[in-house]
Amino acid sequence: MRITTPGSILGRALQFVMSSKLPHFAEGEVVKGFGRGSKELGIPTANYPENVVENLPPEMPLGVYYGWGNVDDGEVYKMVLSVGWNLYYKNTKKSMETYLMHTFNEDFYGSKLKVIMLGHIRPMKDFSSLDELIQAIENDIYVAKERLDQPENLVYKTNNFFSPSGGKENVETGARQNSEEPVKDGPSQH
């Protein structure tokens, strides 16, 4: 007889939701966020407008995700993305904050940000100190780098979604083994 614990049921449910909702393609204009990423955390983030956040699948859990992203159809970089209310800061508005693993010379507010969310790293959680939050983010970045180097995730770096045409001619979705058109959130900024 096999005994199933509630944790394993929740884990399988999360895995099912993730496999049915990921990869997730998002696109929108970068807007000003809370201004904490660079100043307090030393980890600058790009924020999506509310309409992009609202278009996330409702079943998609809050938390930290990894994937690929680019700005204004430029080079594609590894990224981590936080979806939620950022409990440490007691936010009341759900947000999507993206950290692209690249040093940019200037802000890119108003630019087009495209991301492909490939996997879930951890759920949202509260932290007892700013240092604890920073340590968790640094760990998220480490985990994302490791996972994105896996062949099944590397293929998305060259996905047609990142091309100027947005992948309308030929989209590969890899993990799903089909050729669905990606769901793009937010306005197209051509």
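Each chain carries its own residue numbering, running from 1 in the direction its sequence is written. Totals for whole chains, interfaces and linings use all residues, but because this is a predicted model, local features are given only for residues with pLDDT of at least 70 and pairs of side-chain atoms are given and counted only at 80 or more. As a convention, hydrogens and water are excluded, and side-chain values are obtained from all of the structure's heavy atoms.

Caption draft 1: Structural detail: the nonpolar core. Take the buried Ala, Val, Leu, Ile, Met, Phe, Trp, Tyr and Cys residues and link them wherever side-chain atoms come within 4.5 Å; each set so joined is a nonpolar core. Burial classification: accessible surface area is computed with a 1.4 Å probe over protein chains only, and a residue below 20% of its type maximum counts as buried, one above 50% as exposed, and the rest as partly exposed. Counting residues in each nonpolar core, the largest one holds 25 residues, and the members touching the most others are W68, V80, I116, L118, I121, I141 and A144. Secondary-structure elements contributing two or more residues to this core are β3 (63–71), β6 (112–122) and α4 (130–148). We count a stretch as a helix when DSSP gives it H or I for four or more residues in a row; a strand needs E for two or more, and each element gets its number in order from the N terminus. Take this core: its biggest share by element is 8 residues, from α4. Grouped together as the second largest cluster of nonpolar side chains are 20 residues, A26, V30, L81 and M96 included.

Caption draft 2: Expanded view of the pattern of salt bridges. By definition, a salt bridge exists where a carboxyl oxygen of Asp or Glu is found within 4 Å of a side-chain nitrogen of Lys or Arg. Summed over all chains, the structure comprises 5 salt bridges. With a closest N to O distance of 3.1 Å, D73 and K114 form a salt bridge. With D73 in the loop between β3 and β4 (77–84) and K114 in strand β6, this pair connects stretches of sequence that are 41 residues apart. Here the salt bridges do not stand alone but share partners, grouping D73, K112 and K114 into one network.

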